[in-house]
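Residue-level structural notes
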Amino acid sequence: KKAGFEQVKVLSLNLKGIERENRFSLNLDMIKRALFGVFYGDILMLLVNQCRPYEINRGDSEKMRQKWIDKLSADLRNGSHLSIHAMKENFRRISADFASISRSDTKKKRVGIVGELYTKYCHLGNWNIIDFLEKQGCETHTNGLSWYALYYIDSHLSDTNKPEAQAYKIAKKFFASI
């Protein structure tokens, strides 16, 4: 509004009550699917980053990622197999599939990608740094988004009142268990 674009709608997803008139409503099913998506995204990112620099047959890691994105996307769309047990079973299957990719035993320098979320996870925000580093002969590591959630929860525990602190502790235990 201050910039003269009051006609432009802003979709707001926040817990602070900002832009109340344009708030995006969430329900429990949406939150559940989003959480499953975060955990699945984390494991796929971690495994691709661990396998791709070493794969003998270029493209195997991306093919494997796409196979699992297709399967998991269908489950998320349909709301099927959305239990912790099913997710952990999928973690085992995903890990086994990635372990089957033929890799060289060459040691590569491991580089951690850190920074704010946009810098770590967005190719535009980090100028394709993972691709660049892999072309330089490196393996990259980026913590998953669920790890960021754990950090956020843990860093806010001391700044909360009693009921909110209990909710943070429950969320922290849940994230850590997965």
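This text goes with the structure placed above it.
A brief look at the structure comes next. Residue numbers run consecutively from 1 along every chain, following the written order of its sequence. Given that the model is predicted, a residue must reach a pLDDT of at least 70 before its local features are reported, and side-chain atom pairs must reach 80 or more before they are shown or counted; all residues, however, enter totals for whole chains, interfaces and linings. Where side-chain values are given, they derive from all heavy atoms of the structure, hydrogens and water being excluded.

1. Observations regarding the pattern of salt bridges
When a carboxyl oxygen of Asp or Glu is within 4 Å of a side-chain nitrogen of Lys or Arg, the pair counts as a salt bridge. In total, this model carries eleven salt bridges according to the counting rule given. A salt bridge links Arg-110 to Glu-139; the nearest nitrogen and oxygen atoms lie 3.1 Å apart. With Arg-110 in strand E1 (residues 109–112) and Glu-139 in strand E2 (residues 138–141), this residue pair connects regions lying 29 residues apart in the sequence. Summary of the burial criterion: residues with accessible area below 20% of their type's maximum are buried, those above 50% are exposed, and those between are partly exposed, where the area comes from a 1.4 Å probe applied to protein chains only. According to the relative accessible area criterion, Glu-139 is buried, its value standing at 8%. Ionic contacts of the salt-bridge type, sharing partners, join the residues Arg-52, Glu-62, Arg-65 and Glu-134 into one network. A run of DSSP states H or I qualifies as a helix once it reaches four residues; a run of E qualifies as a strand once it reaches two. Both are numbered from the N-terminal end.

2. A short note on helix H7 (residues 145–156)
With twelve residues, H7 should reach 16 Å at 1.5 Å per residue; the first-to-last C-alpha distance of 17 Å fits that figure. Listed in full, the buried residues belonging to H7 are Ser-146, Ala-149 and Ile-153. Down the axis of H7, the smallest arc covering the buried residues is 50 degrees, so these residues share one side. Those residues of H7 that are buried are in contact with helix H1 (28–51) and helix H8 (162–177). One fewer than the residue count of a helix, multiplied by 1.5 Å, yields its expected span. It is the directions from the helix axis to the C-beta atoms whose arc is reported. The contact criterion used throughout is that any non-hydrogen atoms of two residues lie within 4.5 Å.

3. What about the environment of Lys-172?
You can see Lys-172 is positioned in helix H8. With a relative accessible area of 29%, Lys-172 lands in the partly exposed category. C-alpha separation for the pair Lys-172 and Leu-72, spaced 100 residues apart in sequence, amounts to 24 Å. Each residue touching Lys-172, except ones within four places of it in the same chain, is listed here: Leu-150, Ile-153, Asp-154 and Leu-157. Each polar contact in these results corresponds to two N or O atoms within 3.5 Å; when the atoms are within protein, one needs to be able to donate a hydrogen and the other to accept it, and residues that are neighboring in sequence are counted only if both atoms are side-chain atoms. Within the structure, the side chain of Lys-172 is placed 2.7 Å from the side chain of Asp-154, a separation counted as a polar contact.

4. A closer look at the state of the cysteines
Cysteine sulfurs are considered disulfide-paired once they come within 2.5 Å of each other. Inspection of every chain in the model, using the stated rule, returns zero disulfides. Summary of cysteine pairing: Cys-138 is not part of a disulfide, and the nearest cysteine sulfur, belonging to Cys-51, is at 17 Å. Look at Cys-138 and you get buried, because its relative accessible area is 11%.

5. Considerations on the packing of H1 against H7
Axis definition: a line fitted to C-alpha atoms, over the contacting stretch in the case of helices. Angles run 0 to 180 degrees between N-to-C directions. At their nearest, the axes of H1 and H7 sit 7 Å apart, and the two run at 120 degrees to each other. Taken together, the axis directions place H1 and H7 in an arrangement best described as oblique. Between H1 and H7, the contacting residues are Val-38, Phe-39, Asp-42 and Leu-46 on the first element and Leu-145, Ser-146 and Trp-147 on the second. Of the residues that constitute the contact of H1 with H7, the class distribution is five nonpolar, one polar and one charged. What sets the label is the angle itself: under 35 degrees gives roughly parallel, over 145 gives roughly antiparallel, 65 to 115 gives roughly perpendicular, and the rest give oblique. Each residue is assigned to one class: nonpolar for Ala, Val, Leu, Ile, Met, Phe, Trp, Tyr, Cys and Pro, charged for Asp, Glu, Lys and Arg, and polar for all the others, Gly among them.

6. Observations concerning unusual backbone geometry
Most peptide bonds take the trans form, and the phi angle of most residues other than glycine is negative. Located in the positive-phi region is His-81, a residue other than glycine, with phi close to 60 degrees. Along the polypeptide, His-81 turns up in the loop between helix H2 (60–78) and helix H3 (84–99). The phi angle at Asn-128 is positive, at roughly 55 degrees, despite the residue not being glycine. Positionally, Asn-128 belongs in the loop between helix H5 (123–126) and helix H6 (129–135).

7. Things to note about the side chain of Ser-61
Structurally, Ser-61 is set in helix H2. Judged by its relative accessible area of 0%, Ser-61 is buried. Other than its neighbours up to four places away in sequence, Ser-61 contacts Val-48, Cys-51, Arg-52, Glu-55, Phe-98 and Ile-101.

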